[in-house]
Structures are given as C-alpha cells and as structure tokens.
Amino acid sequence: MSALPRVCRQAWEPVLARARGAVVFLDAAAAEALHWGGGGAGELLAAGALAVKPLPADEGAAGGSPRAVFVLSGPLRGSAAAAVRAVLGAGAVRCCAVLCAGEAEGGGPGELEEALRRWMGPGGRAEAVLRGPPLLAPLTAELGLLPGLAALVPPPGGPRHGGPGELGLGALPSELRAAVRVLVGELDALFGAMGLREESFAVGSLSRVLAAELASYAPARNRRRMATNRASVVFVDRTLDLAGAVGHHGDSLAEKILSVLPKLPGHKTDVMVNMVELTALQTPDEACSIIAPGCLAQPNDPAAKALWESFMNLKQKEAVMEARRHLVEAASRENLPIKMSMGRVTPEQLSSYIQLFKNNLKALENHCGLLQLVLATVQTLKHPQISKWDNFLAFERLLLQSIGESEMPSVLNQLLTMIKSYSERMPDDYTCEDFLVLLVYMYSVVGEIKGGKELDKAEEEVKKALAKAICDEPEPSPLLQKITGCDSAQNLTSQKATDAVDNIFKSLRDIARARMHMKQFNSIHNPGSNTHQASYKPLLKQVVEEICNPDRPDPVDIEHMSSGLTDLLKTGFSMFMKVNRPHPGDHPLLIIFMVGGVTVSEVKMVKDLVATRKPGTQVLVLSTALLTPLDAVELLFTTDHPQPDTDI
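First things first, this report covers the structure right here in the doc. What you see is a predicted model; the values in this text were computed from it and never measured.

## Examining the nonpolar core
One recurring pattern in soluble globular proteins is that nonpolar side chains are buried together.
Then, in step 1: Val234, Phe311 and Tyr443 are the most contacted members of the largest nonpolar core, which has 131 residues in total.
Then, in step 2: Beyond its immediate chain neighbours, meaning those up to four positions away, tyrosine 443 contacts Met408, Leu412, Ile449, Glu459, Phe505, Leu508, Arg509, Ile511 and Ala512.
Then, in step 3: Leu176, Val182, Val184 and Phe593 belong to the second-largest nonpolar core, a separate cluster that totals 39 residues.

## Notes on the packing of helix 11 (residues 302-313) against helix 12 (residues 316-333)
Describing two packed helices takes the angle between their axes plus the distance from one axis to the other.
Then, in step 1: At a minimum axis distance of 9 Å, the contact between helix 11 and helix 12 shows a crossing angle of 165°. It follows from the interaxial angle that helix 11 and helix 12 lie roughly antiparallel. Handedness of the crossing formed by helix 11 with helix 12: right-handed. Residues Ala303, Ala306, Leu307, Ser310 and Phe311 of helix 11 form the contact with helix 12, whose participating residues are Ala319, Glu322, Ala323 and His326.
Then, in step 2: Partitioning the contact of helix 11 with helix 12 into residue classes produces six nonpolar, two polar and one charged.

## A closer look at helix 7 (residues 205-216)
Residue pairs three or four apart in sequence face the same way in an α-helix, which turns once every 3.6 residues.
Then, in step 1: Counted at 1.5 Å a residue, the expected span for helix 7 with its twelve residues is 16 Å, and the 17 Å between its end C-alpha atoms agrees.
Then, in step 2: Within the sequence span of helix 7, burial applies to Ser205, Leu206, Ser207, Val209, Leu210, Ala211, Leu214 and Ala215.
Then, in step 3: In this structure, the buried residues of helix 7 make contact with helix 6 (174-193), strand 8 (196-203), helix 8 (218-226), strand 9 (229-237), strand 12 (559-561) and strand 13 (589-595).

## Digging into the sheet that holds strand 8
Then, in step 1: One open sheet accounts for seven strands, arranged 6-7-14-13-9-8-12; its pairing is mixed. The strands lining the two open edges of the sheet, one partner per strand, are strand 6 (137-140) and strand 12. Direction aside, the axes of adjacent strands within the sheet are offset by 25° on average.
Then, in step 2: As paired strands, strand 8 and strand 12 are joined by three bridges and run antiparallel to one another.

## Considerations on the environment of serine 410
Then, in step 1: The topology assignment puts serine 410 in helix 17 (residues 408-416).
Then, in step 2: With 44 residues separating them along the chain, serine 410 and glutamate 454 place their C-alpha atoms 9.2 Å apart.

## Notes on unusual backbone geometry
Then, in step 1: The linkage connecting leucine 55 with the following residue, proline 56, adopts the cis geometry, with an omega of -10°.
Then, in step 2: With respect to the secondary-structure elements, proline 56 resides in the loop between strand 2 (51-54) and strand 3 (67-71).
Then, in step 3: Positive phi outside glycine occurs at asparagine 335, with the angle close to 55°.
Then, in step 4: Structurally, asparagine 335 can be placed in the loop between helix 12 and helix 13 (347-356).
Then, in step 5: A relative accessible area of 70% places asparagine 335 in the exposed class.
Then, in step 6: If you check the backbone angles, arginine 552 has positive phi at about 45° while not being a glycine.
Then, in step 7: Along the chain, arginine 552 falls in the loop between helix 22 (539-547) and strand 12.

## Some thoughts on the sheet that holds strand 4 (residues 95-100)
Then, in step 1: Taken together, the five strands give an open sheet; going across it, the order is 2-1-3-4-5, and neighbouring strands pair in parallel fashion. The sheet is open, and its two borders are formed by strand 2 and strand 5 (125-130), each paired with just one other strand. Recorded for the sheet is a direction-independent mean angle of 20° between the axes of neighbouring strands.
Then, in step 2: When strand 1 (residues 23-26) meets strand 3, the two strands line up parallel, connected through four bridges.

## Here we look at the packing of aromatic side chains
Then, in step 1: In total, this model carries nine aromatic pairs according to the counting rule given.
Then, in step 2: Between tryptophan 308 and phenylalanine 311, the aromatic rings sit 6.4 Å apart at their centres with planes inclined by 70°, giving edge-to-face as the arrangement. Highlighted residues: tryptophan 308 and phenylalanine 311, both in helix 11, separated by three residues, approximately one helical turn. Just as tryptophan 308 is buried, phenylalanine 311 falls in that class too.
Then, in step 3: Ring centres 5.8 Å apart and planes at 70° place the aromatic pair tyrosine 430 and phenylalanine 435 in the edge-to-face group.
Then, in step 4: A relative accessible area of 8% places tyrosine 430 in the buried class.
Then, in step 5: Residue classification places phenylalanine 435 among the buried positions, given a relative accessible area of 2%.
Then, in step 6: Ring pairs connect the aromatic residues Phe392, Phe395, Tyr430 and Phe435, which therefore count as one cluster.

What counts and how
Residues numbered from 1 in each chain as written. Predicted model: local features only at pLDDT ≥ 70, side-chain atom pairs only at ≥ 80, totals over all residues. Heavy atoms only, no water. Core = buried A, V, L, I, M, F, W, Y, C linked by side-chain atoms within 4.5 Å. Buried < 20%, exposed > 50% of the residue type's maximum accessible area, 1.4 Å probe, protein only. Contact = heavy atoms within 4.5 Å. Axes fitted to C-alpha atoms, helices over the stretch in contact; angles between N-to-C directions. Helix = DSSP H or I, 4+ residues; strand = E, 2+ residues; numbered from the N terminus. Parallel < 35°, antiparallel > 145°, perpendicular 65-115°, else oblique. Left-handed = near helix turned anticlockwise from the far one by under 90°. Nonpolar A, V, L, I, M, F, W, Y, C, P; charged D, E, K, R; others polar. Expected span 1.5 Å × (residues − 1). Pairing = 2+ DSSP bridges. Phe/Tyr/Trp six-rings, centres within 6.5 Å; stacked < 30°, edge-to-face > 60°.

And the structure:
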C-alpha cells in the first residue's frame, strides 16, 4: 500500500482535533488538498466544525463565532497573513488556531502567536501550529500534487550566462527563491512522515538548485541520519520537454476529462460534472448554476475511487469498459432492470444505464460517486473538443515528420495558412489558444534552431496573423485575457496583442534552447527513416530508462547532489580508487518530482516503465500541478505569474 494517502490524512489530524465549535477557514490550495485527500469538508463538519469557509473571506465570515481555525497551504505571510488579519481584525474571534507551513529561515510559533494576538486585540487567545506533512492532493496512490506551489515553473531559457553551472539559489529572482525554500521545507516534512533517507538527483537547472538545497538543508540532514527507508528522488525540469505537456499522444480517458470539462471553481485540477441528467429538471443547465456540479475526487467512496484509478492507469477503451462494468454491478446490486450488452461501449449506452438510477433515491445515494465519474465520461466522449483531440494528434504527427525533413521557416509557413480570424473559423478550425499549444509543441520538439533572416521573416508573418486573430476575438477567452492582460475586447488594442505575441515568441525561442546544455537528453525528436515514421521520444521516458538501465552506466545528465564532506571525499578518492557513485536506480523507492507540472500520460508511462524494467521498485510521482495542454500554455505565457508572497 502506498504511503501517500496515509500521509495526506495525517496532515489533517491537527485540524480535525481543533475543529469542534470553530469556523474553519481554508485557502484555495488547502481546500484542494482536503478535497482530494482529507475527505472533503464533510470530514471537518463531522469533527464538529460550525462551518467551512474560503480565505480570503467575505466580511463577517466568522458569523459571530468566537472560535476560528485557519489552514494555510504555505507560511503565514504576504497575502495569506493579510487574509487572516482581516478576519481577526473584525473583532468577533476571541480564540484562534493557525496551521501553516514553517519557514526555512522564519520565526517559530511564538512569534506567530504574538502577531495573531496583536491582530485580535486584547484578551484574544492564539495558537500557531507548524504543520508536519505538507497539504498534498493525492490524485491516485502513486501521484501527489502540491497545490500551494501550482504556479512554480522553471524559467524556460534556463541560466542566461555561460554554462549550466552558474545557477545557484542566490541567482534566482526573489519570488522563485521563496518558492524553492517553501518546496524544500514541504518535501523534508513529507519525507520525514514517510521515514525516508533519500539521495537527491537532478535533470535541469532549477532541479539542480532544488536537489542541492534539499541535500544541504539542515533539518533534512538530521532526518536522514535517523531514517532507514532508502529512496532516490529525481527532480526534472518541466521546461526541458514541453511537448509532453501540450501534446495529445496520450490515450487516456482521465486526461481528456480533465482537458475538456470546465474546472471546478477555485480548483486547479478537478472539473465540474453536470448532474442534470439525474434530476427532473427540463432545462439544460450548462453552467451548473441550478444543480450543484459533481466532480472526480471521491475520497470516501471506494468503488468510485477504484474507477478513477482505472481512468488514470488504463487506455481509454479499457477505462470506458471499466466504467460500464462498475455501473452494471451497481445496478444489479440495487436490483435495477439492467439489460447487459456486450461489444463497444457508447456514451448513449452509459447514459441509458445512468437513467435507471434516476428515480431510486436509495440507489442514487449509494452510488453517487460512481455516477459522477460515469457522467464525466459521457460528457467528455460527447464533447465537441474530443473530435478536435484527434485533429491535434494528426497534426502533431505531421509536424514531427516535417520538422525532420525541412527547416523551421517552412514548418511555420505551413502553420500560417491555418490561422483564421473568428469570423472565418469553422467549428473544427483551430482557435488562437490552439495555435499557442501547437507552437509550444513545435519549438519544444525542434530544439536548437538555426537563426537567420528566413526564420525571422517566417516568425514575423505568424506573429502578425496571430496578433490580428487575437484582436478580432469578439470576447477574449479567460486564457487570452490572462496572456494579454486585457479583460475585454474593448481594451484589447492591436498594440497589446502585438506585445503579448512578441513576448510569447521570446519565450518560444527560450523553450527551443532549453536542452542546449544536455549531453545525453538533448533531443526529444526521432527523425525517422525510410522504414519508420518520425516520432516524439519523451524526455521523462529517456530519464526513467536510464535509471532502470541494468548496466548501471554513470548517468551523464542525471546529476547526483550530495551534502557534506564524506561525499566530497568519495569523489576525490574515486580518481584513484573504485568508489561506486550513488545511482538513482539503487533504492527500492523511486520518487520522480516534475518541477512545473506533469501529465496523466507521463505518470502512467513512468509506472509502466518501472514495472517492466525494474520490477520490485516502488514508484511515486510528485509534482506542482497536473497539466492539460491549455494549463501548460497558461503557466508559460501568463503575464502575471502568481508569485509566492514576500513579507507583509
């Protein structure tokens, strides 16, 4: 059994112990962790909480209750501190507890309690609890996300000057530095709860900083002296392979559900499932404004949880058959008149099975979680975006072929003919956002580009067409609003669109250069031959194959980050003595940490590879976010990266 779900529950124990008679306030990332791994708000209410409210809170949110508990995903500073202060400053709360992450260099609970008492005014009682394990969202038993660090992404160009050796913690911008410190503290707490003694490895420049910081972090060094469970932690920079984040090559139902259904408000990962089919409502409630939406996270329903694991781990066809099997079993358990049919599963067939539950309240209640997942499947398979998914896949394959055969300018010219303004677009034509997805794919796959007049000219043409198309949008989508910094078509001048597109192309050139310093992993493109089609070879796959290589060659691009003198001595001796350098394949537990987000397909690929190449090794994938193609574009090109807060 994976330790992940257990550790995630453990993080909530101090909150449950203090919830009785209090209003519990959570920031968005903490709410997301509770949603996936802590049993949801129901768990807090069952522990005696009067209400569960979001932070930042509305005025009077404490509702006159004298007791409040605040759960913060990060440390108590910046906007988080301001939000807590606003609630306490209203004067109703006389007794409060704050659960937050400790600061790598910050004050202890005493200082925080003093600040809380000051904000409450005379006579207030305060308790600050520095969290043990971090607030993780366990999407499956092998995949954990840190929602509080969802905005963390390695700078695409990597280190600007000289070679890769230059980037240390001090060279990072202050926001990124703060985020690295928080992440190191969170990982130390997580590995402490799992009793791990880890060796750190890194692929990529931000990963090197993280691995080096974790290796030399004093609390982590003390923990490693005592701990007994050996593990390898391999940090990998997302920006080394963005084709994996925006590509459509994964044959995964979960990936498609997460990509096409609208996000649950305030959530980075989970989606809204329309529940109208189960009601007697006659109007189509597209926006889920009348009937509360369903969702994918079902931590308290074992059958639904098992089905979700199937969606994450199986190919789409098998996952859809699993959905039917679960429904049929549930229906027969409730004695509903189900006609079993073999052969292909269609969304219509699943819908007809769902209808059987409609007027049977007991059956609805017993299988509510399962029905939400099957409805998500039906709505995804019928979604207009899904036929587009296959178009994307075909076009990506074409790009792989043409990148191998011709230079970048002619590939850009191919793209140019497809850029159409809103008025000329048919439903299956690509939108502005779709082109951003394709451009990221192209520039990430092609790697180092030969510059020159021809390339500049081809880029200028695409830039002009794209800026014009963005300007012609009658209502810019939320993503285009974030990229251009304009919230309406009126404010979106052609200058603003041009500036946004210029910045995007600067980033694209950086993305193409990301693997420049790599010796072994410098390509993710297989140019193909007379007998084989060109293909994409995921960087993560190359890394895991190298880790699982039975010959254990000294890894070239997977760097071991050591702490302390003994390792330096070992390295010194190894020049004239046979000393085994640590290898990431040495330990029974392999943890891959993708810095900047991971996709469902990548998690499945890592699991399958390790299971076949190195059976007996347990694998855990950790990351900052679960990415869909549009999430990746947003993370890369949004003008205001939501940065970790500096001091208040």
